[in-house]
Every structure is written in C-alpha cells, then in structure tokens.
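Chains, contacts and geometry: an overview
Each chain, letter by letter, is given below.
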Amino acid sequence: MPKIRSVNVGLIGAGRIGSFHGQSIARRLVDAELVAIADPAPGAAAKLAETLGVDAAYAEVSELLAHPGLDAVVIATPARFHTNVLVQAAEAGKAIFCEKPMALTLEDADRAIAAARSAGVPLQVGFNRRWDQAFAEGRVAIDAGKIGAPQLIRSLTRDPGPFGADPDRIPQWTIFYETLIHDFDTLLWLNPGAKPVEVFAMADALLRPDAKEKGFLDTAVVNIRFDNGSVAVAEANFSALYGYDIRGEVFGSGGMVTMGDVRRSSMTLFDNNGVSNETWRRDTDHFVQGYTAQLAAFVDAVRNGELKDAPTGVDARNALMIALASIESVSKKQPVLLS
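Residues numbered from 1 in each chain as written. Predicted model: local features only at pLDDT ≥ 70, side-chain atom pairs only at ≥ 80, totals over all residues. Heavy atoms only, no water.

**What to know about the overall build of the protein chain**
Quick reminder of the rule: The helix and strand labels rest on DSSP assignments: H or I over at least four residues marks a helix, E over at least two residues marks a strand, and numbering proceeds from the N terminus. We take the radius of gyration over the C-alpha atoms and set the globule estimate at 2.2 Å times the residue count to the 0.38 power. Only protein chains enter the accessibility calculation, which uses a 1.4 Å probe; a residue is then buried when its area is under 20% of its type maximum, exposed when over 50%, and partly exposed in between. Residue contacts follow a heavy-atom distance rule, with two residues in contact if any of their heavy atoms lie within 4.5 Å.
Within the protein chain, the secondary structure is distributed over 10 helices and 15 strands. Over its C-alpha trace the protein chain gives a radius of gyration of 20 Å, about what one expects of a compact globule, namely 20 Å for 339 residues. Counting all 339 residues of the protein chain, 51% fall into the buried class. Across the protein chain, the fraction of contacts at a sequence separation of at least 24, relative to all contacts at a separation of at least 6, is 72%.

**Here we look at empty space enclosed by the protein**
Our working rule: Definitions used throughout: a 1 Å grid over protein atoms alone; a cavity as a set of points that fits a 1.4 Å probe which cannot get out; a pocket as an open set with protein on both sides within 12 Å along at least five of seven lines; a lining residue as one with an atom within 4 Å of a point. Grid points are joined across faces, edges and corners, and a volume is the space filled by probe spheres set on the points. Amino acid classes used here: Ala, Val, Leu, Ile, Met, Phe, Trp, Tyr, Cys and Pro are nonpolar; Asp, Glu, Lys and Arg are charged; the rest, including Gly, are polar.
Tallying each qualifying case throughout the model produces two cavities of 30 Å³ or more. If you trace the largest cavity, you find it lined by P101, M102, A103, A109, F127, I181, A316, R317 and L320. Per-element tally for the lining of the largest cavity: the top contributor is helix α10 (residues 313-332), with three residues. Residue composition of the lining of the largest cavity, by class: eight nonpolar, no polar and one charged. As for the second largest cavity, its lining consists of I170, P171, Q172, W173, T174, I175, G215, F216 and L217.

**Quick look at the side chain of D132**
For clarity, the threshold we go by: His residues and chain termini do not enter the charge count, which takes Lys and Arg as positive and Asp and Glu as negative. Put simply, a salt bridge is a Lys or Arg side-chain nitrogen that is within 4 Å of an Asp or Glu carboxyl oxygen.
Positionally, D132 belongs in the loop between β6 (123-125) and α6 (133-143). Despite its burial, D132 pairs with no opposite charge, the nearest such side chain being R129 at 8.0 Å. Leave out the neighbours within four places in its chain, and D132 touches F287 and G290.

**Considering the layout of surface pockets**
Considering only enclosed or pocket space, the largest pocket measures out at about 1,600 Å³ in volume. Forming the walls of the largest pocket are 50 residues, and the residues nearest its centre are R16, I17, P78, K100 and E178. For the lining of the largest pocket, the secondary-structure elements that each account for two or more residues are α1 (16-28), α4 (82-91), β7 (150-160) and α7 (174-189). The greatest single-element share of the lining of the largest pocket, amounting to five residues, is contributed by α7. Considering only residue class, the lining of the largest pocket consists of 24 nonpolar, 12 polar and 14 charged. The volume enclosed by the second largest pocket comes to roughly 340 Å³.

**Overview of the pattern of salt bridges**
Applying the stated criterion to the full structure yields 20 salt bridges. Residue R158 pairs with D245 through a salt bridge whose shortest N-O separation is 3.4 Å. Here D245 lies in strand β11 (residues 245-252) and R158 lies in strand β7, a separation of 87 residues in the sequence. Each of the two residues, R158 as well as D245, counts as buried. Salt-bridge contacts for R263 lead to D261; the nearest nitrogen and oxygen are separated by 2.8 Å. A relative accessible area of 35% places R263 in the partly exposed class. What you see here is one network of salt bridges that share partners, running through R154, R158, E235, D245 and R247.

What follows is the structure, given as structure tokens:
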C-alpha cells in the first residue's frame with residue numbers, strides 16, 4: 001500500500017488556541033505536518049516553533065503563505081483579523097481552517113465565502129462542538145427520527161470561574177461573537193433544515209456590573225424561533241465556579257436527547273465531605289477529542305479537495321446572523337425578525 005503524503009499545514013496565530021491547534025497538528029495527527037508558524041508578536045512564532053520542533057517561524061502572514069510546499073493554513077488569530085487573513089490565504093490558493101467567528105459582519109462573511117469559492121479551496125470553520133462524541137451521537141439520533149420532530153432545543157456555555165479578566169480588554173459583544181456563536185451553530189445543526197425567523201436576546205453584566213456602562217456583558221440568554229415551529233434557547237455566562245459547563249438538549253415529539261456533562265468522568269467520590277465529582281476546567285481538556293477530530297477532517301478535506309459533513313463558511317454566516325440579531329435585540333430591547 002502506498003504511503004499517504006502528509007498535508008503541509010501552516011499555523012497563523014500562536015496564542016492560546018493557536019498553540020493548542022499547533023500541538024494537535026504536530027503531535028496528534030499522523031497524516032499532517034506543521035511546517036510553519038506565523039505571528040506578529042515579537043518572538044511568539046519562534047517560541048512555539050521551537051517547542052513543537054517546527055523549522056520555520058514568520059512575523060508576516062505573507063511570508064508563511066510563500067513557504068515552500070504549503071498546502072493549508074489554520075487561522076487562529078484574534079477574531080477581528082480572521083476575514084482579511086482568510087481572504088489572503090484563499091488568494092494564495094491554500095486550503096483554510098478558520099477559528100470562529102469567521103467574520104464580524106455579514107459583508108465580511110460573504111467576502112470570505114466568495115474568496116474561498118473563487119480560489120476553489122476548502123473552507124472549514126472551527127465549530128468543534130459538532131465533533132464531540134455526545135453531540136455527534138445526538139445528531140445521529142435526530143437524523144434517525146428517534147425523537148420525532150424537534151420542538152424545544154437548548155444549548156449553553158458557562159465558562160469556568162472565577163472570572164478574573166479585565167473587562168476593558170474584552171471586545172464589546174464578545175459574549176455573542178465568540179462565546180454564544182458556538183451555541184448558535186449547535187442549535188442550527190441540531191435542527192436540520194429549519195431556518196431561524198425571530199430572535200430575542202437579553203444580556204447583562206452580573207459579574208462585573210461596574211463595567212456595564214462601557215459595554216461589557218458577561219451573561220446572556222437568547223430565544224430563537226424557527227420556521228418549523230420549534231423554539232430554541234441559548235445561554236452563556238463567563239463564570240461557572242463549579243467548572244466548564246457545555247450542554248445541549250433537543251426535546252421532540254417522540255423523545256429527547258441530551259448532550260454534554262460538566263463531570264470529567266462517571267467516577268464519583270463518596271467520603272466524609274459527601275458525594276463529589278471532578279469537573280472540566282478548560283475547553284482544551286473537555287474537547288480535546290473534538291478539537292483533534294475537526295482538524296483530522298480538515299486534513300482529509302485538503303487531501304480530497306472537498307469538505308465532508310464539516311461546518312462551512314455558509315454555516316459560519318448563519319450563526320453570525322443570529323449573533324448580529326442578538327446584538328440588535330439587546331440594543332433595541334425588542335425581538336428582531338430575520339429575513
């Protein structure tokens with residue numbers, strides 16, 4: 001049997017999630033090779049490259065895109081740079097994996113989608129929850145008709161606390177653009193074929209009320225009505241003191257599926273303090289398999305020239321549409337109809 005050629009991947013962005021993706025490519029995928037890293041922060045790319053045994057480190061995206069033999073890129077820059085870097089990579093003819101959100105405006109989302117289509121390159125977006133075993137099995141059950149028609153759908157993201165970040169360093173509307181964007185994609189994915197028609201959102205600064213006047217929000221609930229009659233709820237909070245809490249639920253006419261568990265495992269401790277479980281504390285621990293599986297699927301798409309059952313630029317645009325409607329709803333304090 002002929003040996004499968006490794007896909008040569010370049011990493012753009014050497015921050016927390018970029019570093020984790022770099023580790024996945026370099027150490028967890030057998031058919032991909034991390035060949036270059038780029039980051040404008042002085043020394044960031046070189047430091048990660050040394051850690052992962054990568055020979056090439058660049059400060060400029062254009063330098064990485066010109067790296068010999070490069071097949072694909074993983075974009076893990078701050079969100080505000082995603083679209084421009086994506087378009088630059090597409091114009092260079094590279095397959096693209098882009099962390100969420102792909103864009104912050106619908107115009108930029110359309111620009112990103114058009115660039116990938118024009119270049120004829122795969123574009124996958126990092127909605128890792130789809131690759132988690134529990135969520136994936138939930139979708140299989142829904143597709144098999146085991147719960148009947150979806151009626152009530154729920155998705156939540158509660159980041160582990162205590163919250164200690166500086167609100168001034170968190171971009172406005174982050175809770176919708178970067179946190180709940182996962183839940184919006186999940187709700188769309190778990191309600192296949194349905195389109196959102198109305199959004200009503202509420203948000204507040206319950207953890208840091210002193211920062212609310214500057215536009216900071218740390219808690220939100222979003223209600224979504226779909227054209228098939230189903231109703232969905234997405235909620236988020238930046239500080240769950242008990243751990244990293246990601247769950248989903250779909251209640252249908254014939255049954256229900258639930259997905260996710262804050263507990264690290266089914267091991268339960270019974271001692272003189274009572275009954276307890278260890279909980280997840282980081283996304284990269286909770287979803288390590290999902291993070292790896294999505295990159296493995298991307299590498300396969302690069303080799304075969306097309307995505308298979310992976311979130312696309314259009315999926316990212318659909319989730320962004322709900323995020324933008326949520327922002328409008330909070331700003332106007334009223335429901336927003338979607339065209």
